[in-house]
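One letter stands for each residue in the lines below.
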Amino acid sequence: MEITLFKNMKSPEDGRLINIDFPELIKSFKEHRVRPSKSEIPLMFVGRLKNNSRAKPMQVESKGNAIVLDLDKGKSDSLERIQDALKGIQHWIYTTHSHNPSNDNNCMRVFIHTTDELNQTNYRDAYWNLINSNSGLKKLSDDGYLDHRAEQPTRGYLIPAAPEDKKMLARQVIGGGIPYKPNTQKADYPKSDSSSQTITTEGMIPMGQRNDALTVIAGRLVKQLKVKELVREQLMGINQLRCEIPLPNYDVDTILNSIWQSHKLNHPEDKIQEQRDAEPADEFADVEIIKPSLSTFQVEPPPRKFLFDGFIPEGIVGAMAAQGGVGKSFAALQMCSSAASGLMLYNKWSVGNRGIAVYISGEETRDEIERRLYYINRHLTPEYHQKMSNNIRIISFADKYFPFIAKDDKGNIIITETVEKLVRKLLMDIKEPISLIVVDPISRFRDGDENDNTAGTRFVQALQKIRTEINERCTLLAAAHVNKAAEGSGANQNNLRGASSVVDGVRFVIELNHLSAKKQHDLFGTEPSEKDRYIDLKVTKSNYTPRLDPIYLQITNEGVPRLAENAGHHVTVEILKEIEHGSWSQSAFKEEFAGAKGKYGLAERPMRDKLKDMINNGLVESQAYGSMSLTQKGLDVIKSASME
């Protein structure tokens, strides 16, 4: 999770934002978190982001109410000096993950609350005017303790954290006072500021320049050696021998992977390779035997991240299955619309990873896809229409055939070059982070026998290759048809048509089904017809979440699934009638009527929740261990239903 600092922000449209002002944010971080390495620490930002990458400056969409100071290699009195300099000004200081006083390395970060919002154009002037006008901060700057890359308004900062062995050294100070009134007039920038600073690439590399220096060195090594394996060996050695405090290996690999991918895209003529040609590839070279650290068993891991909170995890390959004509393509486009705009999916699941959503269709033309997007989103405001226009991408293969897998001349199932070309196209044409890719349907992107388990496994591997090469947070959903036996057999993960290895390989499966005539009558009191059609959405496989109760969707005349807001109203009326003419305690009622095949089609837990909702809504009264009875409001509901 990333956290964005905001004051009085009204309606968050992004799952990464927290709707609190600066003082409330300070209170929320009173306890330092323990994280074994920096790679596991979430980021926070001043401003709303379009790109949450730490590897490069990010583009800010909105303003923030804070100026940030970054202090590296301070002395033992640095904290007191900062507090003296900011006396009477509302601020928050915390020591960072690199803080280690025993090595005379007092590292900390300072957030200064401002009265006025600062945007991307005036933040730098406000930053330097603050330092130049404050003698205490100016002295810290002159002494070389401030990392002036913090003048960039779009940097990401780690939340307060410490490794297990230094958690007792972690400190946090909340400075009282009033917010600082920033001066945004043109500032005097010192010649040694970060905009003109020369990056050291020879000799010892100081702490504040490690990322920039290793990025420059990595670029040079790629051009010179052209073999990623050799570049990594040298870059790791430079990090260990020449950085005053070496970066974690994870950060070095992140720098190299970014430079390597950029070089491949920008210089396709340059023949670079992953490994030495002279040596046979060792398929176990990258296999790591991991010994869990003590903190693995003692420190609670970060919470799992979701594309849609509590529903679809991020960073997985999943499937969405249905019979033809049920509405899976519409549902897939609704997911793209939510991921692109931040709008809750079916008013139930908030967006946890807002970004670019890519819809890849093997059946529909651009015109048909855009027609469906219009019907799905036509009731939304222009603001959301603009977000979707900015963040949805469409690829139509309706008149083309580009399979992701095929048989080679020896009969082996291989991943085709289509996958690599598709990844390259997406990375070259889309610069913003991609949060969701939908491939619709599976049958149009695979070759050979769909019942072949080897081919099914290879196809899932092709989807995983696309997802991982785009970015680690990207979620990929593949739309699939169900087999002929699925109708009437109930939703389950084995309904996907073709090889069972596809279901085994994906991490998440959603199934959409028409309601049976009995089920629709029980839930809504109507019969299925062209103008009155309902489906249910069920999670039939999830490796990361508990099974969710199904939701019911009504299909509009245009084919759009909408949340059936009156779902269960007919059931409510029938249960009220049963309570009116009987003598039932809650437990006795559940025992008699609960069961998916029972009178009301509700299992024990949904039945319990149904009765609880009716009591909370004032329809039913229930005494402890006594019988339930209707209130006047409950009687009015029955009367109203009989008049419809």
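Everything below is about the structure printed above this text.
Now for a quick tour of the structure.

Basis of the calculations
Residues numbered from 1 in each chain as written. Predicted model: local features only at pLDDT ≥ 70, side-chain atom pairs only at ≥ 80, totals over all residues. Heavy atoms only, no water. Core = buried A, V, L, I, M, F, W, Y, C linked by side-chain atoms within 4.5 Å. Buried < 20%, exposed > 50% of the residue type's maximum accessible area, 1.4 Å probe, protein only. Helix = DSSP H or I, 4+ residues; strand = E, 2+ residues; numbered from the N terminus. Contact = heavy atoms within 4.5 Å. Arc of directions from axis to C-beta. Pairing = 2+ DSSP bridges. Axes fitted to C-alpha atoms, helices over the stretch in contact; angles between N-to-C directions. Phe/Tyr/Trp six-rings, centres within 6.5 Å; stacked < 30°, edge-to-face > 60°. Lys NZ or Arg CZ within 6 Å of the ring centre and 35° of its normal.

### Notes on the nonpolar core
In globular proteins that are soluble, nonpolar side chains generally tend to be buried together.
Item 1. Counting 40 residues, the largest nonpolar core has Phe308, Phe311, Ile312, Met335 and Leu436 as its most contacted members.
Item 2. Considering each element in turn, this core owes the most residues, eight residues, to helix α9 (residues 328-341).
Item 3. Not counting the four nearest positions on each side in its chain, isoleucine 312 is found in contact with Phe306, Leu307, Met335, Thr475, Leu477, Phe508 and Ile510.

### As for helix α2 (residues 78-85)
Item 1. Those residues of α2 not exposed but buried are Ser78, Leu79, Ile82 and Ala85. The buried residues of α2 all sit within an arc of 130 degrees when viewed along its axis, so they share a single face.
Item 2. Buried-residue contacts for α2 involve β4 (64-74), β5 (91-95), β6 (106-118), α4 (135-142) and β9 (172-175).

### Considerations on the pairing of β6
In the case of a regular strand, side chains alternate between the two sheet surfaces.
Item 1. In terms of residue burial, β6 counts as a mostly covered element, since ten of its 13 residues are buried.
Item 2. In the sheet, β4 pairs with β6 via eight bridges, with the strands oriented antiparallel. Each residue of the ladder has a partner; that of glycine 74, found in β6, is asparagine 106.
Item 3. In terms of strand pairing, β5 meets β6 through five bridges, oriented antiparallel. Paired with isoleucine 93 across the bridge in β6 is valine 110.

### Considerations on the sheet that holds strand β20 (residues 533-542)
Across a sheet, strands are paired by hydrogen bonds formed along the backbone, either parallel or antiparallel in direction.
Item 1. If you trace the nine strands from one edge of the open sheet to the other, you get β14-β13-β17-β18-β12-β19-β20-β21-β22, paired in mixed fashion. Each edge of the open sheet carries a strand with a single partner, namely β14 (392-396) and β22 (561-563). The mean angle between the axes of side-by-side strands here comes to 25 degrees, regardless of whether they run parallel or antiparallel.
Item 2. Note: strand β17 (residues 434-440) against strand β18 (residues 475-481), four bridges, orientation parallel. Within β18, the position partnered with valine 438 by the bridge is leucine 477.
Item 3. Where helix α10 (residues 366-377) meets the sheet, its contacts fall on β13 (356-361), β14 and β22, and the angle it forms with β14 comes to roughly 145 degrees.

### Some points on unusual backbone geometry
Item 1. Note the cis peptide between aspartate 440 and proline 441, where omega equals -10 degrees.
Item 2. Phi angles above zero are rare outside glycine, and lysine 226 is one such case at about 65 degrees.
Item 3. Checked against the element boundaries, lysine 226 lands in the loop between α5 (210-225) and α6 (228-242).

### A closer look at the packing of aromatic side chains
Item 1. In the structure shown here, the tally under the stated rule is 14 aromatic pairs.
Item 2. Consider the rings of tryptophan 92 and tyrosine 94, whose centres lie 5.0 Å apart with planes at 40 degrees: the pair is tilted. Of the two residues examined, tryptophan 92 and tyrosine 94, each falls in the buried class.
Item 3. Judged by centre distance (4.7 Å) and plane angle (50 degrees), the ring pair of phenylalanine 589 and phenylalanine 593 falls under tilted. Highlighted residues: phenylalanine 589 and phenylalanine 593, both in helix α17 (residues 586-593), separated by four residues, approximately one helical turn. Across the pair, phenylalanine 593 and phenylalanine 589 agree in class, each one buried.
Item 4. Feature note: the residues Phe397, Phe402, Phe404, Phe445 and Phe459 constitute an aromatic cluster, connected by ring pairs.
Item 5. Sitting over the face of the ring of phenylalanine 330, arginine 372 holds its NZ or CZ atom 5.1 Å from the ring centroid.
Item 6. Between the NZ or CZ atom of arginine 446 and the centre of the ring of phenylalanine 459, over which it lies, the distance is 5.8 Å.

### Observations concerning the environment of tyrosine 250
Item 1. Inspection of the secondary structure assignment puts tyrosine 250 in helix α7 (residues 249-266).
Item 2. Separated by 212 residues in the primary sequence, tyrosine 250 and lysine 38 have C-alpha atoms spaced 8.9 Å apart.

### Describing the environment of glycine 176
Item 1. Relative to the assigned elements, glycine 176 resides in the loop between β9 and α5.
Item 2. With relative accessibility at 54%, the residue glycine 176 sits in the exposed group.
Item 3. Between the C-alpha atoms of glycine 176 and glycine 88, which are 88 residues apart in sequence, the distance is 6.5 Å.
Item 4. When neighbours within four sequence positions are excluded, glycine 176 is seen to be in contact with Gly88, Ile89 and Gln90.

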